[in-house]
Amino acid sequence: MELTDADLVARVLADDDQHAFGELVRRHQSTVRGILRQLTRTDIALADDLAQETFIRAYKNIRGFRGEARFSTWLYRIAYNCFREDARRRKELVGVDEEQWQGEQDPQTVDPGLRHDLMHALNLLPLHERTAVVLCCQNGLSHDEAARVLDIPLGTVKTNVLRGREKLKRTLAAWGPN
Amino acid sequence: MNAMIDDETLDRQLREAAPYIDDDGFTARVMARLPAARREPRWLRAMILMGMTLLGSGVVYLLSGGGRFVREGVIQLSDFPVWLLLIFAFGCGLVVGAFAVILAIRKTPEVRDLARLRF
């Protein structure tokens with residue numbers, strides 16, 4: 001029988017079992033890396049660096065995981081914090097922030113070859129809407145779980161998901177064949 | 001222009017657009033960067049607990065005059081009628097069972113979440 005995440009966490013806590021932690025990494029690496037790729041706008045190298053940092057922090061702080069939420073939700077919260085800290089550092093270093101980047105993106109100048117690419121449409125969303133859509137719509141988190149991950153009110157998550165979805169639908173409809 | 005798609009279709013398309021990412025050595029790289037595991041022997045905790053229990057038992061035994069209170073308690077219990085002993089045993093079982101259920105709920109997130117549901 002396959003061990004649950006809770007069983008593996010218990011082994012890490014009891015015996016500092018790194019093999020058990022390795023299994024947790026194997027199970028969640030794809031989702032964590034996928035979410036970070038969306039947040040970093042498909043900067044694969046940066047996303048993977050942040051994903052590594054996420055798992056290392058998770059290992060160091062695993063005693064802080066009290067099992068109140070799913071292990072994956074706790075992990076996504078760490079990943080989101082890593083991303084935010086990195087974004088803040090970059091803003092300080094090179095003075096480029098999300099809003100500025102957003103202003104440079106114009107749907108009309110997008111490569112026509114990418115027009116049907118849903119992921120590209122997702123990248124055009126503002127960060128707060130993109131994050132909410134990635135967590136709730138793409139990765140199946142409940143609004144409540146996403147609110148915990150992002151540390152924002154439940155109502156804000158619902159609004160961001162709603163707005164993000166509507167924008168995606170409009171973009172996709174506009175990109176469709178006439 | 002395409003008609004607007006529904007939420008379910010959009011979510012499905014989003015999930016399909018994000019395929020599984022192969023590990024490709026990622027886990028190994030993470031494991032290589034983990035701090036060294038604590039090498040605290042497993043038996044140490046058991047030995048400490050056992051030692052403390054024995055020490056506590058010894059102190060109680062000495063302070064209670066060689067465990068006289070236990071003998072006296074058993075003698076008193078033997079004077080009780082059988083029906084009272086049965087009720088006493090049943091009560092003890094209920095108390096222990098209640099503690100076990102509370103601990104089990106606290107240790108099981110799924111059950112704990114159910115208990116929080118508002119109807």
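Residues numbered from 1 in each chain as written. Chains lettered and ligands numbered in written order. Predicted model: local features only at pLDDT ≥ 70, side-chain atom pairs only at ≥ 80, totals over all residues.

Undergrad: Residues and numbers for the overall build of chain A, please.
TA: When its secondary structure is counted, chain A shows nine helices and zero strands. Seen in sequence order, chain A has helices and strands lined up from the N terminus as α-α-α-α-α-α-α-α-α. When burial is assessed residue by residue, chain A has 35% of its 178 residues classed as buried. Look at the contacts in chain A between residues 6 or more apart in sequence, and 60% of them connect residues 24 or more apart. (Helix = DSSP H or I, 4+ residues; strand = E, 2+ residues; numbered from the N terminus. Buried ≥ 20, exposed ≤ 12 C-beta atoms within 10 Å, placed from the backbone. Contact = placed C-beta atoms within 7 Å.)

Undergrad: I'd like to hear about the interface of chain B and chain A, residue by residue, with values.
TA: On the chain A side, the residues contacting the 27 residues of chain B number 30 residues. Elements represented by at least two residues in the side of chain B that touches chain A include exactly helix H1 (7-16) and helix H2 (26-33) of chain B. By residue class, the composition of the side of chain B that touches chain A is 16 nonpolar, three polar and eight charged. (Nonpolar A, V, L, I, M, F, W, Y, C, P; charged D, E, K, R; others polar.)

Undergrad: Pulling in residues and values, what's your account of the confidence of the model for chain B?
TA: Taken residue by residue, chain B gives an average pLDDT of 83. The fraction at 70 or more is 85%. Predicted confidence in chain B is weakest over helix H6 (residues 109-116) of chain B, with a mean pLDDT of 59, and strongest over H2(B), with 94. (pLDDT = per-residue confidence, 0-100.)

Undergrad: Tell me what's going on with the confidence of the model for chain A, and back it up with residues and numbers.
TA: Mean pLDDT over chain A: 84, with 81% of residues reaching 70 or higher. Contacts of residues 100-115 of chain A to residues separated by more than four positions or lying in other chains number nine contacts, the stretch itself having pLDDT below 50.

Undergrad: Describe in detail the nonpolar core, supporting the description with residues and values.
TA: What tends to happen in soluble globular proteins is that the nonpolar side chains get buried as a cluster. Residue and element names in this part refer to chain A. Core analysis: the largest hydrophobic core is formed by 47 residues, its most contacted members being Leu-36, Leu-75, Ala-79, Val-133, Leu-135, Cys-136 and Ala-146. Tallying contributions element by element places helix H4 (residues 71-94) first for this core, with nine residues. The residue makeup of this core includes at least three contributed by each of domain 1 (1-96) and domain 2 (107-178). (Core = buried A, V, L, I, M, F, W, Y, C linked by C-beta atoms within 7 Å. Domains from an automatic or database assignment.)

Undergrad: Can you break down the environment of Leu50(A) residue by residue, with the values?
TA: As for its placement among the helices and strands, Leu50(A) is situated in helix H3 (residues 44-60). Ignoring anything within four residues of it in the chain, the contact list for Leu50(A) reads Leu36(A), Ala79(A), Cys82(A), Phe83(A) and Asp86(A).

Undergrad: Please provide a residue-by-residue account of the packing of H3(A) against H2(B), values included.
TA: Relative to each other, H3(A) and H2(B) sit at 50°, their axes nearing to 10 Å. Between H3(A) and H2(B), the angle is such that the two are oblique. Pair H3(A) / H2(B) crosses with right-handed handedness. Of the residues in H2(B), those touching H3(A) at Asp48(A), Gln52(A), Phe55(A) and Ile56(A) are Phe26(B), Arg29(B), Val30(B) and Arg33(B). Among the residues forming the contact of H3(A) with H2(B), the class breakdown is four nonpolar, one polar and three charged. (Axes fitted to C-alpha atoms, helices over the stretch in contact; angles between N-to-C directions. Parallel < 35°, antiparallel > 145°, perpendicular 65-115°, else oblique. Left-handed = near helix turned anticlockwise from the far one by under 90°.)

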